[in-house]
Amino acid sequence: MSLTLTAPDVRASVVRSWERSRMCGLDQGGGLTLPYVSQLEVDNRFTRAASPVLEQLGGMLAGCETAAVLLDPAGRFLMHRCDDRSLGRRMDTGQSTPGFVWAEEFSGTNAVGVALEEKVASWTTGQDHYLEALRDLSCAAAPIFNPFNRKLEGVIDLTALIHKASPLMMPMAIQAAQAIEERLVEAGSAAERTLLARFMSASRRPGRVVLVLGDRTEVATSNASSVLNRSDKTLLAQRADDLTSQHPVATESLPLGSGDTATVRFERIEMGGHRVGTLVELEVAPAATKPARDSAVSRRKASSGTDSPMAGRSQATEFLRAKVEQLRGTMFPLVISGEAGVGKLTLARMLTSGGQPPVLLDAGQTTRDSESALLREIEAMVAMRGRCVIVRQIGGLSADAVQRLAALAESAEENQSRVICTLTDRDRAESASQPTFGVRLHVPALRERSEDLLDLVPRLMGRRGAKLRLAPPVMQALMRYDWPGNVRELDSVLSAMASSSRGSEIHLADLPAHYQRGSRRLRRIEHVERSAIIQALLESEGNKTRAAEILEIGRATLYRKMRVYGLEPELISG
């Protein structure tokens, strides 16, 4: 893969490194005490890919008094090739052997440290080095990235005595890094190579923001970082899983953290008939640009409830919003049911917007002796034309009181007034007499419409003026949780985290432990599916590919279901 590399101003890094180095016990005279890792794994996928390239470099550099060095992302020395006896002896006695850590925070400014910090190729020579002990050397270092997820895998460095250094060291280091990346591609799985090939094909279109998402693959065009933040990527990954598990291609309008709106195209990527990932393509409409009223963007934006008091994108929420629009101008009596905390009162108030403020009465605190007083108050209110009365928690009323309430609701309609009642599901089960009047609306529990959290969480955070981002693991944990207290409980948890947060981002550690792993109650068929996955993982001794074959599903599907059921992939090797 091609890399866009620029040489940073290394001298500017000296000031930054000065305090770091002083804090780590390095003196200006060049004294050097580096951390050492005794149990360092030097035989892994990365070193196996890099070793032949390093051997080839060693052969090419024979007689040039130049060493080729490989380090991991933490700056730990992994291996080197050097045919010059003097330079090799110096490296062996100068803490340049496997296990020593050459990160900038410990060794001051040097080519390896800058390449790790800035993630670009770096050239450091003579006085550019912070340590006096290195000032007779010239070094060229290039970062090595995993082609499948663009994570930093390590650094390759060429080091020579300053009077033997060549300007060709820098392009040679860059070419060596690219060669190692190509070997990492060859060592990848067939699914990873399929995803990378699809990305290369799609990213040829200029200006388009393109991502390819898989279980262990995330590749994006360079312009993606200027458009998407980490929360945006979490949202895209979630929607990619949800949509492409149902449809080969899907399009959706999504709000971004920048305030812009993106029209996103999701395309399932398959190999051997199984889904292995998703191609994601975005077209971003700036917030100041309003799309046409009849465009797909407008319709999608409306369906997510961006401007509605009832936020959410699930089919259940879209249905409720449509019913609100249908019933808002009518005077039909209404009974809104649902579990405690789902938003019944919010829905009732949406149905009364535009007229006089509704009168809110609470039947939940009414005793048998005070029911008549409550009904008289309702009767007086609905006798006035154009009034709306919301009666909360009618499930505890007696059968006689419910019948009288039904009569009042019908008379209110004749007088162009309205009665809206809310009924908690628990109350409905315990009530001696079910209300049978009016139009019935049911608000599903939050656990039945978890995708609504993608809109609810930003809405609830915004109400408190909290300009905080949620780290991806936080949103994932929120979507796994059962939410027995529904939206009310979610609002309480978000409020607590916003109040206690000291930074600009909420991390998983900020979420109370009870909510971190999730507790969604599974349906019977889900229990069976979860048990089958566990059994397949046991039979395959944790090998995900083999487990997927046993279950006759794709590896990507297996990983997605493991996340849904709280079966962490890292708990079982494979």
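Rules of the game
Residues numbered from 1 in each chain as written. Predicted model: local features only at pLDDT ≥ 70, side-chain atom pairs only at ≥ 80, totals over all residues. Heavy atoms only, no water. Helix = DSSP H or I, 4+ residues; strand = E, 2+ residues; numbered from the N terminus. Contact = heavy atoms within 4.5 Å. Areas by Shrake-Rupley, 256 points an atom, 1.4 Å probe, with all protein chains shown as cover. Phe/Tyr/Trp six-rings, centres within 6.5 Å; stacked < 30°, edge-to-face > 60°. Buried < 20%, exposed > 50% of the residue type's maximum accessible area, 1.4 Å probe, protein only. Pairing = 2+ DSSP bridges. Axes fitted to C-alpha atoms, helices over the stretch in contact; angles between N-to-C directions. Arc of directions from axis to C-beta. pLDDT = per-residue confidence, 0-100. Right-handed = clockwise from strand over helix to strand, strands pointing away. Salt bridge = Lys/Arg side-chain N within 4 Å of Asp/Glu carboxyl O. Left-handed = near helix turned anticlockwise from the far one by under 90°. Nonpolar A, V, L, I, M, F, W, Y, C, P; charged D, E, K, R; others polar.

What follows concerns the overall build of the protein. From N to C terminus, the protein includes 22 helices and 17 strands. Long-range pairs, those at least 24 residues apart, make up 66% of the contacts in the protein with a sequence separation of at least 6. Approximately 27,800 Å² of the protein is accessible, and the part contributed by carbon and sulfur atoms is 50%.

Attention now goes to the packing of aromatic side chains. Counting across every chain of the model gives four aromatic pairs. Arranged with centres 4.8 Å apart and planes meeting at 55°, the rings of Y36 and F100 form a pair that is tilted. Of this pair, Y36 sits in the loop between α1 (10-23) and α2 (45-60) while F100 sits in the loop between α3 (85-93) and α4 (104-107), placing them 64 residues apart in sequence. The exposure class assigned to F100 is buried, which follows from its relative accessible area of 16%. Taken together, the ring pairs in this structure connect Y481, W483 and Y515 into an aromatic cluster.

So, about the environment of V219. Turning to its location among the elements, V219 is positioned in strand β7 (residues 218-220). In this structure V219 comes out as buried when scored by relative accessible area, which is 1%. The sequence separation of V219 and L196 amounts to 23 residues, and the corresponding C-alpha distance is 7.5 Å. What V219 contacts, discounting residues up to four positions off in sequence, is P147, F148, R150, L196, F199, V210, L211 and V212.

Bringing the sheet that holds strand β15 (residues 439-443) into the picture now. Read from one edge of the open sheet, five strands run β12-β13-β14-β11-β15, paired in parallel fashion. Either end of the sheet is taken by a strand with one partner, and the two such strands are β12 (359-362) and β15. In this sheet, adjacent strand axes meet at a mean angle of 20° when their direction is disregarded. In this structure, strand β11 (residues 334-338) lies alongside strand β14 (residues 418-424), joined through five bridges in parallel fashion. In the strand pairing of β14, S337 is matched with L423. Strands in contact with helix α13 (residues 371-382) are β12, β13 (388-392) and β14; relative to β12, the strand with the most contacts, it is inclined by about 165°.

The next point concerns the side chain of S398. Mapping S398 onto the fold places it in the loop between β13 and α14 (399-414). Residue S398 is classed as buried on the basis of its relative accessible area of 15%. Setting aside its immediate chain neighbours within four residues, S398 contacts R368 and E371.

Within helix α21 (residues 544-551), burial applies to K544, A547 and A548. Across the axial projection of α21, the buried residues extend over an arc of 100°, all falling on one side. Within two residues after α21, E552 carries a phi angle of roughly 60°, on the positive side.

Our focus in this paragraph is unusual backbone geometry. Phi angles above zero are rare outside glycine, and W483 is one such case at about 55°. In this fold, W483 is placed in the loop between α17 (472-480) and α18 (486-500). Backbone geometry places E552, a non-glycine residue, at a positive phi of 60°. Along the polypeptide, E552 turns up in the loop between α21 and α22 (555-564). With a relative accessible area of 68%, E552 lands in the exposed category.

Okay, the confidence of the model for the protein next. On average, residues of the protein score 78 in pLDDT, and 82% of them reach the 70 mark or higher. Scored below 50 in pLDDT, residues 288-306 shows 29 contacts in the model against residues more than four places distant or in partner chains. Residue range residues 569-574 is modelled with pLDDT below 50. Its contacts to residues more than four positions away, or to other chains, number 16 contacts.

What follows covers the pairing of β13. Within β13, four of the five residues are buried, which leaves it mostly tucked inside the rest of the structure. Where β12 lies against β13, four bridges are found, and the strand directions are parallel. Its bridge partner lying in β13, V359 is registered against V389. Regarding the hand of the β-α-β motif, the stretch spanning β12, α13 and β13 is right-handed. In this structure, β13 lies alongside β14, joined through four bridges in parallel fashion. What sits directly across from V389, in β14, is V419. Of the crossover connections in this fold, the one passing from β13 over α14 to the parallel β14 is right-handed.

For the rest of this paragraph, the subject is the pattern of salt bridges. What the rule picks out here adds up to 16 salt bridges. The shortest N-O distance in the salt bridge between D241 and R275 comes to 3.1 Å. Here the residue D241 occupies a position in helix α9 (residues 230-244), and R275 occupies one in strand β10 (residues 274-285), the gap between them amounting to 34 residues. Residue R275 is classed as buried on the basis of its relative accessible area of 10%.

Below, the discussion takes up the sheet that holds strand β4 (residues 137-145). If you trace the five strands from one edge of the open sheet to the other, you get β2-β1-β5-β4-β3, paired in antiparallel fashion. With partners counted over all chains shown, the strands left at the sheet margins are β2 (77-81) and β3 (122-125), one partner each. Going from strand to strand, the sheet's axes swing by 20° on average, the running direction of each strand aside. Sheet analysis places β3 next to β4, joined by four bridges and oriented antiparallel. When the bridges of β4 are listed, S122 appears paired with A141. Along the sheet, helix α6 (residues 169-187) makes contact with β1 (66-71), β3, β4 and β5 (152-161), crossing β4 at roughly 25°.

We now examine the environment of D510. Of note, D510 is situated in the loop between β17 (505-506) and α19 (513-516). Between the C-alpha atom of D510 and that of M497, which follows or precedes it by 13 residues, the distance is 6.4 Å. Not counting residues within four places of it along the chain, the set of residues in contact with D510 comprises M497 and E505.

What follows covers the packing of helix α16 (residues 453-463) against α17. Where α16 contacts α17, the axes come no closer than 11 Å and their chain directions differ by 115°. Here the hand of the crossing between α16 and α17 comes out right-handed. Across the interface between the two elements, L453, L454 and V457 from α16 touch M475, L478 and M479 from α17. A per-class count over the contact of α16 with α17 returns six nonpolar, no polar and no charged.

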